[in-house]
Amino acid sequence: MQKSTFTAEYAVFCRLLREHREQAGLTQVEFAERIKETQSYVSKVERGERRIDLVQLRVFCKAMGVSLGRFVEAFERAVRKT
């Protein structure tokens, strides 16, 4: 089984994180401040170098002003297109 960080689906996940952050009008620095992390951490997550779990994703979504459910729906739609 291929590691999930190297799959097309994980690339979609990372892209959606970045897109949602940008749609919220947040820079990586501003977003990092909201989630009490560093800008480099946010950058690594968005590039797929750092994985996050469901609890962390929920924190990300809250900071971006999107519900976890809505983010997952967007992910599912995007994955079906790949």
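Residues numbered from 1 in each chain as written. Predicted model: local features only at pLDDT ≥ 70, side-chain atom pairs only at ≥ 80, totals over all residues. Heavy atoms only, no water.

## Concerning the UniProt feature "domain: HTH cro/C1-type" (unreviewed entry) in the protein chain
Part 1: Residues annotated by UniProt as "domain: HTH cro/C1-type" (unreviewed entry) correspond here to residues 17-71.
Part 2: Across residues 17-71, the secondary structure splits into 71% helix and 0% strand, with the terminal C-alpha atoms separated by 9 Å. (UniProt positions renumbered as here; feature names shortened; annotations may be inferred. Helix = DSSP H or I, 4+ residues; strand = E, 2+ residues; numbered from the N terminus.)

## Thoughts on the environment of Ala78
Part 1: Within the secondary structure, Ala78 sits in helix α5 (residues 68-81).
Part 2: Counting along the chain gives 23 residues from Ala78 to Val55, while the straight-line C-alpha distance between them is 21 Å.
Part 3: Setting aside chain neighbours within four positions, we find Ala78 in contact with Val12, Arg15 and Leu16. (Contact = heavy atoms within 4.5 Å.)

## Focus on the packing of helix α1 (residues 8-23) against α5
Part 1: Contact geometry for α1 and α5: axes closest at 10 Å, N-to-C directions at 130°. Relative to α5, the element α1 lies oblique. Our pair here, α1 against α5, has a crossing hand that is right-handed. The residues of α5 that touch α1, namely those facing Glu9, Val12, Phe13, Arg15, Leu16, Leu17 and His20, are Phe71, Ala74, Phe75, Ala78 and Val79. (Axes fitted to C-alpha atoms, helices over the stretch in contact; angles between N-to-C directions. Parallel < 35°, antiparallel > 145°, perpendicular 65-115°, else oblique. Left-handed = near helix turned anticlockwise from the far one by under 90°.)

## A short note on the side chain of Gln28
Part 1: Among the structural elements, Gln28 can be located in helix α2 (residues 28-35).
Part 2: For Gln28, a relative accessible area of 18% puts it in the buried group.
Part 3: One polar contact links Gln28 to Gln39, side chain to side chain, over a distance of 2.5 Å. (Buried < 20%, exposed > 50% of the residue type's maximum accessible area, 1.4 Å probe, protein only. Polar contact = N/O pair within 3.5 Å; in protein donor to acceptor, adjacent residues only side chain to side chain.)

## Remarks on the nonpolar core
Nonpolar side chains in soluble globular proteins tend to be buried together.
Part 1: Formed by 24 residues in total, the largest nonpolar core has its most connected members in Phe13, Leu17, Phe31, Ile52 and Phe60.
Part 2: Elements with a contribution of two residues or more to this core: α1, α2, α3 (39-47), α4 (54-64) and α5.
Part 3: A total of 6 residues in this core trace back to one element, the largest contributor, which is α1.
Part 4: Beyond its immediate sequence surroundings of up to four residues, Phe60 is in contact with Leu17, Phe31, Ile35, Tyr41, Val45 and Ile52. (Core = buried A, V, L, I, M, F, W, Y, C linked by side-chain atoms within 4.5 Å.)

## Some words on the environment of Leu16
Part 1: Inspection of the secondary structure assignment puts Leu16 in helix α1.
Part 2: Sequence-wise, Leu16 and Ala78 are 62 residues apart; in three dimensions their C-alpha atoms are separated by 8.6 Å.
Part 3: Here Leu16 is in contact with Phe71, Ala74, Phe75 and Ala78, once residues within four sequence places are set aside.

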